[in-house]
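# Per-entry structural report
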Amino acid sequence: PRCEPPPGGPRPGDSHFKRRPLTIYRILIVDDHPLMRQALRSMIADEPDFHVAGEASNGDEAITLARRLNPDAILMDLMMPVKDGLAASAELTRTDPDTRILALTSSIGEGSALAAVEAGVLGYVLKDAQPAEVLHALREVAAGCANACRPRPSTSRLSGSGDRRRVRCIGGRC
C-alpha cells in the first residue's frame with residue numbers, strides 16, 4: 001500500500017508543503033592505518049547524510065579532535081598505538097556522557113565487549129562487516145542509537161566461539 005498524507009494535510013506540490021531537510025551527521029574517523037581511514041572516508045563521504053568532520057590516527061588525537069569538532073558520532077578503532085580506542089572512549093564519555101562512539105574492531109570477545117560498555121561505546125562493527133552494515137550502525141549511533149546497531153538476521157554468523165555478530169549494540173544506552 002502507498003503511504004498517503006492524512007486527509008486535509010499538505011501534499012507534495014502544494015505551495016505550503018515542505019520537505020523535511022536532510023540531517024547531515026558529522027563523523028570523526030579514528031584508525032591507526034592510513035589505508036583503513038581512506039577507505040572509511042570514501043565510504044562515508046559517498047553518503048548524502050554524512051560529512052567526515054575529521055580523522056585521527058590514535059586515541060590522543062581522537063580526544064583532541066572530538067573536543068574541538070564536536071562530531072555527531074565517532075567511528076573508533078579499538079586497537080591503536082599511543083592511546084587505544086577503549087582508553088580514548090572512556091576519557092571522552094567521562095567528560096561528555098553524550099559522546100556517541102561506534103567501535104571498529106577486527107574481533108571482540110566477551111571481555112572486550114564488557115570493557116567497551118564500561119568505556120561508554122554504544123556498539124561495535126567488525127572490520128569484516130559489509131559497508132551497508134557499517135553505515136547502518138553509524139547512522140543509528142549518530143542519530144542517538146534509537147534502534148542501535150541491531151543486525152538483521154542475515155548479518156549474523158555463529159561459530160564455536162559464541163556470538164560473532166558483525167554489528168552489535170552494547171551497553172544499556174541504546
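Keep in mind it's a predicted model, so treat the numbers as computed, not measured.

## Concerning the pairing of strand S1 (residues 25-30)
Of all 6 residues in S1, 5 are buried, a share of seventy percent or more. In this sheet, strand S2 (residues 50-56) lies alongside S1 in parallel orientation, the contact comprising 6 bridges. Note on S2: the bridge partner recorded for Leu28 is Gly54. Note that the unit made of S1, helix H1 (residues 34-45) and S2 has a crossover that is right-handed. With 4 bridges joining them, S1 and strand S3 (residues 73-77) adopt parallel strand pairing. Considered in S3, the bridge of Ile27 is made with Ala73.

## Quick notes on unusual backbone geometry
Peptide bonds are trans in most cases, and residues, glycine excluded, mostly fall at negative phi. For Asn70, which is not glycine, the phi dihedral falls at a positive 50 degrees. Residue placement: Asn70 occurs in the loop between helix H2 (59-69) and S3. The class for Asn70 is exposed, based on a relative accessible area of 55%. The phi dihedral of Val82 is positive, around 70 degrees, even though this residue is not glycine. Tracing the sequence through the fold places Val82 in the loop between S3 and helix H3 (85-95). Residue classification places Val82 among the exposed residues on the basis of a relative accessible area of 66%.

## Here we look at the pattern of salt bridges
Throughout the structure, instances matching the rule amount to 9 salt bridges. Of the charged contacts, one joins Lys127 and Asp31 as a salt bridge, the two residues approaching to 3.3 Å between their closest N and O atoms. Highlighted residues: Lys127 in the loop between strand S5 (123-126) and helix H5 (131-142) and Asp31 in the loop between S1 and H1, separated in sequence by 96 residues. Classification of Lys127 as partly exposed rests on a relative accessible area of 29%. A salt bridge links Asp49 to Arg139; the shortest N-O distance between them is 2.5 Å. One end of the pair, Asp49, is in the loop between H1 and S2; the other, Arg139, is in helix H5, and 90 residues separate them in sequence. On the accessibility criterion, Arg139 (25% relative accessible area) is partly exposed. Members of the salt-bridge network, linked through shared partners, are Asp60, Arg67, Lys83 and Glu91.

About the thresholds
- Residues numbered from 1 in each chain as written.
- Predicted model: local features only at pLDDT ≥ 70, side-chain atom pairs only at ≥ 80, totals over all residues.
- Heavy atoms only, no water.
- Buried < 20%, exposed > 50% of the residue type's maximum accessible area, 1.4 Å probe, protein only.
- Helix = DSSP H or I, 4+ residues; strand = E, 2+ residues; numbered from the N terminus.
- Pairing = 2+ DSSP bridges.
- Right-handed = clockwise from strand over helix to strand, strands pointing away.
- Salt bridge = Lys/Arg side-chain N within 4 Å of Asp/Glu carboxyl O.

Just distances and angles here, no functional claims.
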